[in-house]
Amino acid sequence: MTQGSTGQVDNKAPAAFDALAYCERTLRAGDEDRWLSAQFASAAARPRLITLFALYHEIGRIPTLVREAPLGEIRLQWWREAVDAAAAGGLRRAHPAIEAGAACGLFEAAAMARLHQLIDAQARLLYDDPFSSVEDLAGWLARCEGALAAAAARAWEGLTPEAGLALEKAAVAYGLARRGRVLAPTLAGPLAERAAELAAEARKRLGELPEAAAAGTRYLCLARLYRGGRKPSGLSKRLRLFWATATGRIEA
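One structure accompanies this document, and this report is about it.

What counts as what
- The residue numbering used here restarts from 1 in each chain and proceeds along that chain's sequence as written.
- Predicted model: local features are reported for residues with pLDDT of at least 70 only, side-chain atom pairs are reported and counted for 80 or more only, and whole-chain, interface and lining totals are derived from all residues.
- Only hydrogens and water are removed before side-chain values are computed, so all heavy atoms of the structure are retained for them.
- Secondary structure counts use DSSP, requiring at least four H or I residues in a row for a helix and at least two E residues in a row for a strand, with both numbered from the N terminus.
- The cut-offs for exposure are 20% and 50% of the maximum accessible area for each residue type, with area from a 1.4 Å probe on protein chains only; residues under the lower value are buried, those over the upper are exposed, and the others partly exposed.
- Here a polar contact means two N or O atoms within 3.5 Å. Within protein one must be a hydrogen donor candidate and the other an acceptor candidate, and residues neighboring in sequence count only if both atoms are side-chain atoms.
- Whether two residues touch is decided by their heavy atoms; if any such pair falls within 4.5 Å, the residues are in contact.
- Between the N-to-C directions of two axes lies an angle of 0 to 180 degrees, each axis being a line fitted to C-alpha atoms and, for a helix, fitted only over the stretch in contact.
- Our angle categories are set so that under 35 degrees counts as roughly parallel, over 145 as roughly antiparallel, 65 to 115 as roughly perpendicular, and the remainder as oblique.
- By convention the crossing between two helices is left-handed if the near helix lies anticlockwise of the far one by an angle smaller than a right angle, and right-handed if it lies clockwise.
- Gly counts as polar in this scheme, as do all residues outside two lists: the nonpolar Ala, Val, Leu, Ile, Met, Phe, Trp, Tyr, Cys and Pro, and the charged Asp, Glu, Lys and Arg.
- Given a helix with a known number of residues, its expected span is that number minus one, times 1.5 Å.
- Here the arc refers to the set of directions running from the helix axis out to each C-beta atom.
- A pair is scored as a salt bridge if a Lys or Arg side-chain nitrogen falls within 4 Å of a carboxyl oxygen belonging to Asp or Glu.
- For the purposes of this section, nonpolar cores are sets of buried Ala, Val, Leu, Ile, Met, Phe, Trp, Tyr and Cys residues that join through side-chain atoms within 4.5 Å.

Comments concerning the side chain of R218
Following the sequence through the fold, R218 ends up in the loop between α11 (211-216) and α12 (223-226). On the basis of relative accessibility, which here comes to 3%, the residue R218 falls in the buried class. There is a polar contact of 2.7 Å between the side chain of R218 and the side chain of E211. Setting aside residues no more than four positions away along its own chain, R218 makes contact with S37, F40, E211, L241, A244, T245 and I250.

Some details on the packing of helix α8 (residues 134-153) against helix α10 (residues 188-206)
Packing of α8 against α10 brings their axes to within 10 Å, and their N-to-C directions diverge by 55 degrees. Relative to α10, the element α8 lies oblique. Relative to α10, the crossing made by α8 is right-handed. Taking contact as the criterion, the partners of V134, E135 and L137 in α8 are, on α10, P190, L191 and R194. Partitioning the contact of α8 with α10 into residue classes produces 4 nonpolar, no polar and 2 charged.

A word on helix α13 (residues 234-247)
Between the first and last C-alpha of α13 there are 20 Å, a value that for 14 residues agrees with the 20 Å anticipated at 1.5 Å per step. Those residues of α13 not exposed but buried are G234, K237, R240, L241 and A244. All buried residues of α13 project into a common sector of 130 degrees when viewed along the axis, lining one side. Turned more than 90 degrees away from the buried face of α13 sit L235, L239, F242 and A246, all of them exposed. In the stretch just after α13, G248 is the one whose phi turns positive, near 75 degrees.

Some words on the pattern of salt bridges
Here the structure, examined in full by the defined rule, presents 19 salt bridges. Residues D33 and K237 are paired through a salt bridge, measuring 2.7 Å at the closest nitrogen-oxygen approach. Note that D33 is positioned in helix α2 (residues 32-39) and K237 in helix α13, a separation of 204 residues in sequence. Across this residue pair, the class does not change: D33 and K237 are buried. D129 is paired through a salt bridge with R124; the nearest N and O atoms lie 3.2 Å apart.

So, the packing of helix α3 (residues 46-60) against α8
As a packed pair, α3 and α8 sit with axes 10 Å apart at the nearest point and diverge in direction by 165 degrees. The orientation of α3 relative to α8 falls into the category roughly antiparallel. Between α3 and α8 the crossing geometry is right-handed. In contact with R48, L49, L52, F53 and Y56 of α3, α8 contributes C144, E145, L148, A151 and A152. Residue composition of the contact of α3 with α8, by class: 8 nonpolar, no polar and 2 charged.

Side note on the environment of L239
One can find L239 in helix α13. Sequence separation between L239 and L222 is 17 residues, and the spatial gap between their C-alpha atoms is 10.0 Å.

With respect to the environment of Q39
By secondary structure assignment, the location of Q39 is in helix α2. We classify Q39 as partly exposed; its relative accessible area is 28%. Along the sequence, Q39 and A54 sit 15 residues apart, while their C-alpha atoms lie 14 Å from each other. If we skip the residues at most four places from it in the chain, Q39 touches E24, R46 and I50. In terms of polar contacts, Q39 uses its side chain to reach the backbone carbonyl oxygen of W35, at 3.0 Å.

Points about the nonpolar core
The biggest cluster of nonpolar side chains holds 87 residues, and the ones touching the most others in it are F107, L137 and L209. No other element matches α8, which puts 14 residues into this core. Leave out the neighbours within four places in its chain, and L209 touches L159, A163, L167, A214, T217 and I250.

If you want it as structure tokens, here you go:
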């Protein structure tokens, strides 16, 4: 398989298209928010985003699939080695997300620190280590949701430090709103308050994101739909993403 500078999958590599189709099916079934968000991205950017989000979904499932922490650690190490091998151009592990990622340029050198960060963060969920405070959970979300948003936005390409920090805050606000009640049910009230605070802080700088970065992270605008423990409908998500795309604004 080969890859182009645009991130599009080489149309002469049918195996890559099969792998991308797998990623899209996986993402659509397991993470509607990010699948919908990717549909609003350009045709050139979409394969990379779908693959990145599917990779994150697959890694994020590991704590729910194993009963013993060492088994989860083995699976996380497999993914670390798989992305490293793909980045080095060596023998790739047999997984569609690795195949598709290699084909669309996901494993570029600048992205690797973020990819390792979001893999490493999942290890905590393998152990009986509940989040002790809102800031404890927010810090963990910065290492996984924040790393994912940075990778989706290609934060290493021209983002100012202030815009990068705003993006991380928006990602944490989204994670708190969407996942907080599941990850830390005893902190539900303070979680909602902190999510709103972070969203307000992020809003001041999110307008500075380049269009390409905003296009990769539009799912962050769905955060407000989850506040108050709500479960948003697919229609409400589509309308919110349409608004964000039309206005060029991301408001977590």
